[in-house]
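Residues per chain are reported as follows:
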Amino acid sequence: MIENFIAGTTALFGDPFTIGIFVFGVIGGMLFGAIPGVSMLTLAAILLPFTAGLEPAQGVMLFAVIYCTGTYGGAITAILFNIPGSPENAPTAFDGYPMTQKGQSGKAVGAAVLCSAIGGVASALVMMAATEPLANWAIRNIGPPEIFALVFFGLAVASSVGARTIWKGWMSVLIGLLIATIGQDPVGGINRYNFGLTDLAAGIAFVPAILGFFAVSEIFVQAEKTASGKYKAPKVSMTFPSFLELWMHKIAVLRSIIVGFLCGILPGIGATLAAFMSYGEAVRWSKNKDEFGKGKMEGVISAETANNAATGAAMIPLLALGLPGGALTAMMVAVFQMHDLQPGPLVFMLSPDLIWIVFAAMFYANLSILLIGLLETKTILNLLKIPFQFLAPLILMLATTGAYISRGLVLDVMVMFLAGILGYLLRRSGFSIPGIVLGLILGKIGEQNFAQGMQMVHYDLATYFSRPICSILILAGVLTLGSSIYRAFATAK
Amino acid sequence: MKRLFGTAAIVAVMATAGTASAFECKRSEASMEKPGGFPERALTMIVPYGPAGGSGQVAAAMAEAVTELTGIPINRDHKPGGSGTVGMTAYMAAPADGYNVLEHIDDASSAHALDSSLPNPATDLIPLVTSQVTFSQIYIRTNETRYTDWPSFVEWVKAQDGKATIANVSKEGSMERVTMKFITDASGMSIQQISFDKGAPRYGALLGGQVDALFEQPGDVRNFLDANQFKPILTIFDERPDAFADTPTHREMGMDFDPLLRFRGFYVHADAPADRVEWLKWAFQRGYCEDSYHAFNESKFMTVIDSYRDTDGAKDLIMRSIDQYREVYKAMGLDVK
């Protein structure tokens, strides 16, 4: 492995043009990842035709690098302005933005930079060491019933995040789950709650909903404070987390790497579920659950470590089996095919050089997050000095553009503003925005896998529970749910 | 290594055989004068699916080919969702000036067959070209030991008393579900269909043994065929394509139904200016002949059978498909509007 890694590194940095492509990918991924709506997928789609003119290794490497840095890019806007660059950065905003409001923006951004790099590097190392056996294990042991059980397990703690009471936390999750049912059902393709609107048949898209619930509702909250004279601009802090502070979160980092990696390795799942699941696990294992959603650094650490840990893991089924984990890895299949290659077992035998250049590039791209992230952070933090009356319209403009541009539908802009208004009213009443978003995102994934799982077990729940991983996860979810209900009653007394 | 060489050689022979029999450029004019200067700016191609799937890829390949040929850029606007209905609605609302074209698949025909208020791709639109036509197959794992061919598969499925599973995209009225109904009715077996809307989980389900078989088109699983991981046991087409000479067709296995084909093509509004439509027909039909597009189709097994239909051929294919779907929907008791 070491020899191959050195050979990949030499090939990567031995050619100025290849270095140029690497640097372009690192910076382009970060920039496009940071702008809401214009995600790394947009950049990848633009670049796809141009990769035909590159060497196969250069083309695949460029996409792998964009994947790593693009996943991190959206964390900065999530932390500073409550605008997640993409759905996998949404859990970063749960605690990152409250940290900014508490004058701890430097710590939040620093933690995000460092943990993104750690998560990415760790998963790149595991990817290099054991791609083929891990891919084979995952597809043999994890099917739709297990993925549904994983989602159920994750949702079981969602009520604890950010709501005034556990009951309101559960109501928030249920609202999210209800919104997730809008659109065609994932198995039969039957329209639900679309009120005859064709555009709603596709369901509520994540990006406009997240922008509305986070960014727009926040503008309303701050505008209300400004109108009542209570607005206080967040203090700009350049203080990065100390080594001791980060060391205290070593278990959270390790846990998030494992969770992120496990979610990333599942075909069709990827970084979004990884970030949400990891955040949920941080809450589950914490002694101070009530602090989540209010500016706890562990929340930022868990989400950002996991979403980057998922990047290396998502390459495993792609490279070993030809199974892309998400839209960007699916585009990588197209890059392979443009050069008459097919990802899968043969590529390890036929093109080992390509594989190791990609592995090396992903390793160094994750290290670059650390370097460039720390360099850019001090400049970016100064954006917080912009007065609210200028910042608010800027954020609204950016969010509106982001909501529209992802699918080019006016409906998405309307959804964003409706989500903003709903989010504002629910926040005033003590409901949890993270809970709603968790319900929305996990609900869609969970419903699809539940339906597929039920078909696989012929609608027999007993068979469902006969699958060991599935039954363990559901049992653990039920226990969490039970303890949550017990705590709710105990608190009420 | 020996197995690897053997697989690669088989694939090469398959691709060559298909190419020789099915690729032919049928639009001879290498150039065409622009009518009134049209187009004087970039075209917009609405694609009702994401950029990474089969439609996204064929849209990108055709856009590249047409741009190579004409020098006119084509911006692709992806509007996924609702099994293609979101993109179709957006296209029908776009100006019918010839600057907007649409990529769509046979789902548009089956949707119209079920609900005639939805656009008919053959009459409400003008097909510029159908550039991919393919058939479906049933696949099993190559290392499967419980059954090895279609007869042993049917026998095994019957013994499972409805508990055998097959992965496909079994949304109501889809080509996959209708074809599976034909197959199960004709073979007298009952099999549980598991619907996966994305390719990767669907293929992973077969690879990992989560399901017993897979319903798919050969171009979408080419890498698994190349790697000798999947094996076709039934071709749902009237004759054996050269590339799959060892795989029996459904008719050979005693199933007497007309196969439904998967097709992808390009369209323009029916009320777009006629001279512009003629130019677009030339550009897209000739784009099919470009080397880059040919190479793309070959990589997708789309030269195994004739993938090309001009406007009239495409209309014929669409209308026949609509009639066929409508009959089946009625027989299935679906609410045909």
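Everything quoted here is computed from the prediction, not taken from an experiment.

Thoughts on the overall build of chain B
When you go through chain B residue by residue, the secondary structure sums to 11 helices and 10 strands. In summary, chain B has a C-alpha radius of gyration of 20 Å against a globular reference of 20 Å for 337 residues, a match within 12%. Overall size of chain B, expressed as C-alpha extent along the three principal axes, is 65 × 50 × 30 Å. Within chain B, the fraction of its 337 residues that count as buried is 55%. Across chain B, the fraction of contacts at a sequence separation of at least 24, relative to all contacts at a separation of at least 6, is 78%.

As for the overall build of chain A
What chain A contains, in helices and strands, is 21 helices and zero strands. Relative to the globule expectation of 23 Å for 493 residues, the C-alpha radius of gyration of chain A, 22 Å, shows essentially globular dimensions. Along the longest, intermediate and shortest principal axes, the C-alpha atoms of chain A span 65 × 60 × 50 Å. Nonlocal contacts in chain A, meaning residues at least 24 apart in sequence, comprise 79% of its contacts between residues at least 6 apart.

Brief notes about the packing of helix α4 (residues 56-81) of chain A against helix α16 (residues 352-381) of chain A
All names here are of chain A. It is at 8 Å that the axes of α4 and α16 come closest, and there the two elements cross at 30 degrees. Accordingly, the angle class assigned to the pair α4 and α16 is roughly parallel. The element α4 and its partner α16 pack so that their crossing is right-handed. Facing P56, A57, V60, M61, A64, V65, C68, T69, Y72 and I76 of α4, the residues of α16 in contact are D353, L354, I357, V358, A361, M362, A365, N366, S368, I369 and I380.

Observations regarding the sheet that holds strand β9 (residues 230-236) of chain B
Residue and element names in this part refer to chain B. Reading across the sheet, the five strands line up as β7-β6-β8-β5-β9 and stay open at both edges, with mixed pairing between neighbours. Each edge of the open sheet is held by one strand with a lone partner, namely β7 (192-195) and β9. Taken over all neighbouring pairs, the strand axes of this sheet differ in orientation by 30 degrees on average, direction set aside. In this structure, strand β6 (residues 165-168) lies alongside strand β8 (residues 213-216), joined through two bridges in parallel fashion. For I166, the partnering residue across the bridge sits in β8 and is A213.

Structural notes on the sheet that holds strand β10 (residues 262-269) of chain B
All names here are of chain B. Spatially, five strands are ordered β2-β1-β3-β10-β4 in an open sheet, and the strand pairing comes out mixed. Edge positions in the open sheet fall to β2 (74-78) and β4 (125-134), since each of these has one partner strand only. Across the sheet, the mean angle from the axis of one strand to that of its neighbour is 20 degrees, orientation sign disregarded. Set on the sheet, helix α3 (residues 85-93) makes contact with β1 (43-47) and β3 (100-105); between it and β1 the angle comes to about 150 degrees. Contacting β4 and β10, helix α11 (residues 311-332) runs over the sheet at an angle of about 75 degrees to β4.

A closer look at the interface of chain A and chain B
Taken together, the contact between chain A and chain B spans 43 residues of the former and 41 residues of the latter. Among the elements of the structure, α6 (105-141), α13 (297-321), α14 (327-338), α15 (345-350) and α19 (433-456) of chain A are those that each provide at least two residues to the side of chain A that touches chain B. A class-by-class count of the residues in the side of chain A that touches chain B yields 23 nonpolar, 16 polar and four charged.

Quick word on the confidence of the model for chain B
When pLDDT is averaged along chain B, the result is 86; 93% of the residues meet or exceed 70. Interface confidence for the predicted complex, expressed as ipTM, amounts to 0.76; the pTM equals 0.78.

A few points about the environment of G106 of chain A
Residues and elements named next belong to chain A. One can find G106 in helix α6. What makes G106 buried here is the crowd of 21 C-beta atoms within 10 Å. Separated by 76 residues in the primary sequence, G106 and M30 place their C-alpha atoms 18 Å from one another.

Overview of unusual backbone geometry
Cis peptide bonds are those with omega within 30 degrees of zero, and the linkage from F38 of chain B to P39 of chain B qualifies with -5 degrees. In this structure, P39 of chain B sits in the loop between α1 (2-22) and β1. A positive phi angle, near 60 degrees, is found at Y459 of chain A, a position not held by glycine. C-beta crowding within 10 Å serves as the criterion here: with 11 such atoms nearby, Y459 of chain A is assigned to the exposed category. Here N228 of chain B, not a glycine, exhibits a phi torsion of approximately 60 degrees, which is positive.

Topic: helix α12 (residues 271-285) of chain A
Compared with the 21 Å implied by 1.5 Å per residue over 15 residues, the 21 Å span of α12 of chain A between its first and last C-alpha is a close match. Along α12 of chain A, 13 of the 15 residues are buried, which leaves the element largely enclosed by surrounding structure.

Considering the domain arrangement of chain B
All names here are of chain B. Partitioning chain B into domains gives domain 1 (21-134 + 261-332) and domain 2 (136-244). Spacing between the C-alpha centres of domain 1 and domain 2 amounts to 28 Å. Counting residues at the interface gives 17 residues for domain 1, matched by 15 residues for domain 2. If you list the elements that add at least two residues to the side of domain 1 that touches domain 2, you get α4 (107-114) and α11. If you tally residues by element for the side of domain 1 that touches domain 2, the top one is α11, at four residues. Looking at the side of domain 1 that touches domain 2, its residues break down into nine nonpolar, five polar and three charged.

Observations concerning the confidence of the model for chain A
Scored by pLDDT, chain A has a mean of 84; 95% of the residues are at 70 or more. Within chain A, α15 of chain A has the poorest average pLDDT of any element, 67, and helix α18 (residues 410-428) of chain A the best, 92.

Considerations on the environment of D197 of chain B
Considering the arrangement of structural elements, one finds D197 of chain B in the loop between β7 and α7 (199-207). In this structure D197 of chain B comes out as partly exposed when scored by C-beta crowding, with 18 C-beta atoms within 10 Å. Sequence-wise, D197 of chain B and S83 of chain B are 114 residues apart; in three dimensions their C-alpha atoms are separated by 9.7 Å. Setting aside anything within four residues of it in sequence, one finds D197 of chain B in contact with P186 of chain A together with V169 of chain B.

Regarding helix α17 (residues 388-405) of chain A
Think of an α-helix as turning once every 3.6 residues; residues three or four places apart then point the same way. All names here are of chain A. Relative to the 26 Å expected for 18 residues at 1.5 Å per residue, α17 spans 25 Å between its end C-alpha atoms, a close match to the ideal helical length. Restricting attention to buried positions, one finds in α17 the residues I395, A399, T400, G402 and A403. On an axial view of α17, the arc spanned by its buried residues comes to 165 degrees, and they lie on one face. In α17, the exposed residues that point more than 90 degrees away from the buried face are Q389, F390, P393, L394 and M397. Buried-residue contacts for α17 involve α4, α9 (206-227) and α18.

Regarding the pairing of β4 of chain B
All names here are of chain B. Most of β4 sits out of view: 10 of its 10 residues are buried. Where β4 lies against β10, eight bridges are found, and the strand directions are antiparallel. Across the sheet, residue T134 finds its bridge partner in β10, namely R262.

Quick look at the nonpolar core
Core analysis: the largest hydrophobic core is formed by 264 residues, its most contacted members being M61, F63, A64, I79 and A361 of chain A. Counting contributing residues, this core receives three or more from each of domain 1 (21-134 + 261-332) and domain 2 (136-244) of chain B. Residues contacting A361 of chain A, with those up to four places away along its chain left out, are L12, F22, M61, A64 and V65 of chain A. Counting five residues, the second-largest nonpolar core is a separate cluster that includes A243, F244, M302 and V304 of chain B.

How each quantity is defined
- Residues numbered from 1 in each chain as written.
- Chains lettered and ligands numbered in written order.
- Predicted model: local features only at pLDDT ≥ 70, side-chain atom pairs only at ≥ 80, totals over all residues.
- Helix = DSSP H or I, 4+ residues; strand = E, 2+ residues; numbered from the N terminus.
- Rg over C-alpha atoms; globule rule 2.2 N^0.38 Å.
- Buried ≥ 20, exposed ≤ 12 C-beta atoms within 10 Å, placed from the backbone.
- Contact = placed C-beta atoms within 7 Å.
- Axes fitted to C-alpha atoms, helices over the stretch in contact; angles between N-to-C directions.
- Parallel < 35°, antiparallel > 145°, perpendicular 65-115°, else oblique.
- Left-handed = near helix turned anticlockwise from the far one by under 90°.
- Pairing = 2+ DSSP bridges.
- Nonpolar A, V, L, I, M, F, W, Y, C, P; charged D, E, K, R; others polar.
- pLDDT = per-residue confidence, 0-100.
- Expected span 1.5 Å × (residues − 1).
- Domains from an automatic or database assignment.
- Arc of directions from axis to C-beta.
- Core = buried A, V, L, I, M, F, W, Y, C linked by C-beta atoms within 7 Å.

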